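# Descriptive analysis of the structure
Letter by letter, the chains look like this.
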Amino acid sequence: MDLILWRHAEAEEGPEGDPPGSGDLERALTSRGEKQAFRMASWLDRQLPEGTRIMVSPARRCEQTALALGRKYKVRTELAPGAAPAQLLELVQWPLSKSPILVIGHQPTLGQTIAQLLGLQETDCPVKKGALWWLRSRDRDGRSQTVVVTVQSPEVL
């Protein structure tokens, strides 16, 4: 199974004085974020296998990131800010899904999921805004492994 985890591109800061999480779903991409999303989407569009399912957080900045790719996607509330890695992995049916899945979401959920799948000592792996991690599940000598296919950042594309 291929699991591609794409962090939304750079977004506006939340309104000052608002409690944390207040209005968070409405934050939009900045102009820099739009450029990051289009740069990564251009690269990703050439790489994604046919039949890739795309699942997106309900946050506006994630949907805007998905729109840069120009493919059909499903908004999933299970991917909202603050989601647990277990929710994400259950949603995508890791490692049993037959089709590749692209998830567009948030930190720290994506980084925590990566750390868990790779067996890192740290509980969180930093993921830059607009960057993606492409992971693959495989069986080797009767053992299940997670391998890193690629890590991409919009600044280097």
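The structure under discussion appears in the preceding block.
Overview of the structure. (Residues numbered from 1 in each chain as written. Predicted model: local features only at pLDDT ≥ 70, side-chain atom pairs only at ≥ 80, totals over all residues. Heavy atoms only, no water.)

## As for the overall build of the protein chain
Summing up its helical and strand segments, the protein chain has four helices and six strands in all. Counting from the amino terminus, helix and strand elements in the protein chain follow one another as β-α-β-α-β-α-β-α-β-β. A compact globule built from 157 residues would reach a C-alpha radius of gyration of about 15 Å, and the protein chain, at 15 Å, matches this within 12%. Along the three orthogonal principal directions, the C-alpha set of the protein chain runs to about 55 × 30 × 25 Å. Each of the 157 residues in the protein chain was classed as buried or not, and the buried ones make up 46%. Partitioning the intrachain contacts of the protein chain with sequence separation of at least 6 by distance along the chain shows that 63% fall at a separation of at least 24. (Helix = DSSP H or I, 4+ residues; strand = E, 2+ residues; numbered from the N terminus. Rg over C-alpha atoms; globule rule 2.2 N^0.38 Å. Buried < 20%, exposed > 50% of the residue type's maximum accessible area, 1.4 Å probe, protein only. Contact = heavy atoms within 4.5 Å.)

## Considerations on helix α2 (residues 60-69)
Listing the buried residues of α2 in full gives Arg61, Cys62, Thr65, Ala66, Ala68 and Leu69. Seen from one end, α2 has its buried residues packed into an arc of 150°, which puts them on one side. At the exit of α2 stands Gly70, carrying a positive phi of roughly 70°. (Arc of directions from axis to C-beta.)

## Quick notes on the sheet that holds strand β5 (residues 132-140)
On the basis of which strands lie adjacent, the open sheet formed by six strands has the order β3-β2-β4-β1-β5-β6 and mixed pairing. The two strands at the open ends of the sheet, each matched to only one other strand, are β3 (74-75) and β6 (143-152). By the bridge criterion, four bridges tie strand β2 (residues 53-56) to strand β4 (residues 101-105) in an arrangement that is parallel. If you follow Val56 over to β4, its bridge partner there is Ile104. The strands touched by helix α1 (residues 31-47) are β1 (2-7), β4, β5 and β6; relative to β5, the strand with the most contacts, the crossing angle is about 30°. Strands in contact with α2 are β1, β2, β3 and β4; relative to β4, the strand with the most contacts, it is inclined by about 140°. (Pairing = 2+ DSSP bridges. Axes fitted to C-alpha atoms, helices over the stretch in contact; angles between N-to-C directions.)

## Looking at the packing of helix α3 (residues 85-92) against helix α4 (residues 109-118)
In the contact formed by α3 and α4, the axes pass within 9 Å of each other and the chain directions differ by 75°. On the basis of their axis angle, the class for α3 and α4 is roughly perpendicular. Residues Pro85, Leu88 and Leu89 of α3 form the contact with α4, whose own contacting residues are Thr109, Leu110, Gln112, Thr113, Gln116 and Leu117. Classifying every residue of the contact of α3 with α4 gives five nonpolar, four polar and no charged. (Parallel < 35°, antiparallel > 145°, perpendicular 65-115°, else oblique. Nonpolar A, V, L, I, M, F, W, Y, C, P; charged D, E, K, R; others polar.)

## Looking at the pairing of β2
Alignment of β2 against β3, held across two bridges, turns out to be parallel. Counted as the bridge partner of Val56 is Val75 from β3.

## Let's talk about the pattern of salt bridges
One pass over the full model with this rule turns up eight salt bridges. In this structure, Arg136 and Asp2 form a salt bridge, with 2.6 Å as the shortest nitrogen-oxygen distance. With Arg136 in strand β5 and Asp2 in strand β1, this pair connects stretches of sequence that are 134 residues apart. For Arg136, a relative accessible area of 34% puts it in the partly exposed group. By relative accessible area, Asp2 is classed as buried at 10%. The salt bridge involving Glu78 is made with Arg76; its shortest N-O contact spans 2.9 Å. Judged by its relative accessible area of 25%, Glu78 is partly exposed. What makes Arg76 partly exposed here is its relative accessible area of 26%. Several salt bridges converge on common partners, so that one network encompasses Glu10, Arg32, Lys128 and Glu155. (Salt bridge = Lys/Arg side-chain N within 4 Å of Asp/Glu carboxyl O.)

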